[in-house]
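Report on the structure
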Amino acid sequence: MIVKPTNQLKQQQSQAQIQKLAMTQKMQQSLHILQVNSTDLVDFLREQALDNPLITIKLTADHPDGSSLSTHANQLSEDKHQAFLAQLPAEKISLFDHLIEQIHLNYRDTFLRTLLLYLVGYIDANGYLTLSVETAASQAGATEVEMLDALTLLQQLEPAGIGARTLQECLMLQTERDNHAPDIAYLLLEESFDQLVNHQWEPISQRYQISLSDIQVIFDYIQSLTPRPGTAYSLPMAQFIKPDLEVTLMNGKLTLGSTRDWQPQVNFQQKYYDRYKQVADTELQDYLTARKAEFDWLKETVEKRGDTILRVGAEILHRQANFFYQQTHPLMPMTLKEIAKALDLHESTISRAVNQKYMRTPFGIYELKSFFTQGISQHQTDGGSNPISNQAVKMKLQAIIDNENKQQPLSDQKIVDLLDKSGVSISRRTVVKYRDSLGIPSSSKRKRY
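The structure contained in this document is the topic of the report that follows. From a predicted model like this one, the values you see are computed outputs, not experimental measurements. (Residues numbered from 1 in each chain as written. Predicted model: local features only at pLDDT ≥ 70, side-chain atom pairs only at ≥ 80, totals over all residues. Heavy atoms only, no water.)

**Overview of the side chain of T308**
Relative to the assigned elements, T308 resides in helix α14 (residues 282–319). When residues no more than four places from it in sequence are discounted, the contact partners of T308 are L34, L345, T349 and A353. (Helix = DSSP H or I, 4+ residues; strand = E, 2+ residues; numbered from the N terminus. Contact = heavy atoms within 4.5 Å.)

**Re the layout of surface pockets**
Estimates place the volume of the second largest pocket at around 260 Å³. At the level of elements, α1 (7–35) and α14 are the ones that each hand at least two residues to the lining of the second largest pocket. A per-element tally of the lining of the second largest pocket places α1 first, with five residues. Considered class by class, the residues forming the lining of the second largest pocket number five nonpolar, four polar and two charged. (1 Å grid on protein atoms, 1.4 Å probe; cavity = no way out; pocket = protein on both sides within 12 Å on 5 of 7 lines; lining within 4 Å. Points joined across faces, edges and corners; volume = space filled by probe spheres on them. Nonpolar A, V, L, I, M, F, W, Y, C, P; charged D, E, K, R; others polar.)

**Regarding a negative patch on the surface**
Taken together, D40, D43, E47 and D51 make up a surface patch of like negative charges. Residue D40 is classed as partly exposed on the basis of its relative accessible area of 33%. (Patch = residues over 30% accessible without salt bridge, like charges linked within 9 Å, V, L, I, M, F, W, Y side chains within 5 Å. Areas by Shrake-Rupley, 256 points an atom, 1.4 Å probe, with all protein chains shown as cover. Salt bridge = Lys/Arg side-chain N within 4 Å of Asp/Glu carboxyl O. Lys, Arg positive; Asp, Glu negative; His and termini not counted. Charge placed at Lys NZ, Arg CZ, Asp CG, Glu CD. Buried < 20%, exposed > 50% of the residue type's maximum accessible area, 1.4 Å probe, protein only.)

**Brief notes about the packing of helix α5 (residues 111–120) against helix α6 (residues 133–140)**
Between α5 and α6, whose axes approach to 11 Å, the crossing angle comes to 120 degrees. It follows from the interaxial angle that α5 and α6 lie oblique. In terms of crossing hand, the pair formed by α5 and α6 is right-handed. Contact residues: F111, L115, Y118 and L119 in α5; A136, Q139 and A140 in α6. Of the residues assigned to the contact of α5 with α6, the class counts are six nonpolar, one polar and no charged. (Axes fitted to C-alpha atoms, helices over the stretch in contact; angles between N-to-C directions. Parallel < 35°, antiparallel > 145°, perpendicular 65-115°, else oblique. Left-handed = near helix turned anticlockwise from the far one by under 90°.)

**Things to note about unusual backbone geometry**
At the junction of E158 and P159, the peptide bond is cis and its omega measures out at 5 degrees in the coordinates. By secondary structure assignment, the location of P159 is in the loop between α7 (144–154) and α8 (167–176). Even without glycine at this site, Q209 takes up a positive phi of about 55 degrees. As for its position among the elements, Q209 is in the loop between α11 (201–208) and α12 (212–223). With a phi angle near 50 degrees, H329 is a residue other than glycine that sits in the positive phi range. Summarising the element assignment, H329 is placed in the loop between α15 (321–325) and α16 (336–343).

Purely geometric stuff here, so don't read any function into it on its own.
Okay, structure coming up:
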C-alpha cells in the first residue's frame with residue numbers, strides 16, 4: 001500500500017529543503033569571501049548592500065575608490081598621499097588611438113586612408129596584424145596591391161614594428177628603421193632567421209664570411225629589440241596590489257598586523273532599522289528580521305576572513321622567520337598541509353586564504369602563497385639530511401650559471417654534479433625544469449663568442 005504524505009509532512013520537507021539550500025548558499029558565499037582579494041571583496045559587499053537597506057559599506061580614507069572615501073580624507077598626511085599617488089599608473093593613450101591619431105595627422109581622406117583605418121581594427125594588443133592581406137582585401141573591397149600599399153604605410157607608423165604579421169617581420173621592421181643597427185643584421189633576419197635564433201651560427205659564419213663574434217654582436221642587438229611593440233601603449237591596470245597584512249621589524253623583533261587601511265567595514269543602519277521596527281506590519285517585520293540576519297552573517301563572515309588570513313600570516317611569519325631576518329631572504333620548505341594541520345583548518349581553507357592575499361614587508365610586497373615551497377633533501381657531513389626549499393635550489397642554480405664561463409657554458413649534467421657537491425641531489429630533468437622556470441636557456445644558447 002502506498003501512503004501519500006500529508007500536507008504537514010510536505011510542508012516540513014519543503015522547509016527542510018529550503019533551509020538546506022540556504023545553508024549551501026551561505027557556505028558558498030563564505031568560501032567566496034575568503035578566496036577573493038580586497039578589491040573583489042569590496043565589489044561583493046557592495047552588491048550585498050544594494051540588496052539590503054540595512055547594510056552600508058564604509059571604505060577608509062586612503063582606499064583607491066574615491067566614490068566611497070570617508071570624510072576624514074583631509075587628515076591624511078602629505079607623505080601618505082604621495083606614497084599612494086606613486087603607486088598609480090600614469091595615464092597612457094591606447095595603441096588604437098595612437099595609430100588612428102597618426103593616420104589622421106599624416107594622410108588625406110582617400111581610399112588608401114580608409115584601408116589604413118580598416119587594418120588598424122585588426123591590430124592586437126601586441127601590435128601584430130591578425131588577418132592576412134588577402135582576407136583584408138576581400139573584406140574591404142580592395143585589391144591585394146592596394147591592401148599591401150596600406151599595410152606598408154601602417155608599418156611606417158610608430159612604434160617601430162607595428163603591423164607585423166610574424167616575429168621575424170616585427171624585428172626586421174625595427175632593424176630597418178634603426179640607423180645604429182649592426183651591418184647585415186637585417187639581412188640575417190631576412191635570410192637566416194631560424195638559424196640565428198637557434199644558435200646554429202657556423203653555417204651563417206661560412207655563408208656570409210663573418211666571425212662568430214660578429215654574429216654574437218648582431219644577436220645581442222636583436223635581443224635588445226621588442227617582440228611586442230604594442231604593449232608600450234597598453235592601458236594601465238585599474239587596480240594595484242592592496243596588502244592584507246603588514247610585517248614590521250623593530251629592534252630585531254617581527255610584528256604582524258592586518259592592514260586595516262584597506263579593509264572595508266560592514267556597518268548596520270540602526271536608525272533605519274529602529275524606525276521601521278515600530279511599524280505594525282507582519283510582512284515588514286519578517287523582512288527586517290531576515291535582512292538583519294543577513295547583516296549579522298555578513299559582518300561575522302568578513303571578520304572571520306580577516307582573522308583567518310591573520311592566523312595564516314602569523315604561522316608563515318613563525319616558520320619563515322629567516323626570510324625576514326636574512327638579507328638573502330631564504331625560504332624553508334613549507335606546505336599548505338603543514339599550515340592546515342598547525343591551525344586545525346582544512347587545507348582548502350589555507351589555499352583560499354593565501355591566494356591573491358599579500359603581505360607588506362620592509363623590503364617589498366609578497367603574495368602569501370609565494371612563501372610555500374616544496375623541500376628537497378640536502379646532504380649533511382654527518383651522513384644525515386636536511387630539507388632545503390626548491391626556491392633555495394633555484395638560487396644555487398642561478399648562482400652557478402651566473403658564474404660560469406660563457407664561452408664554455410655548463411651542461412645540465414655538469415650543473416647536477418656541482419649541486420650534488422654542494423649537498424643538493426636533484427635529477428637532470430629537475431635542473432631543466434628549474435632552469436626553464438628561471439628563463440635560463442640551454443648551454444648551447446648561453447654560449448658567447
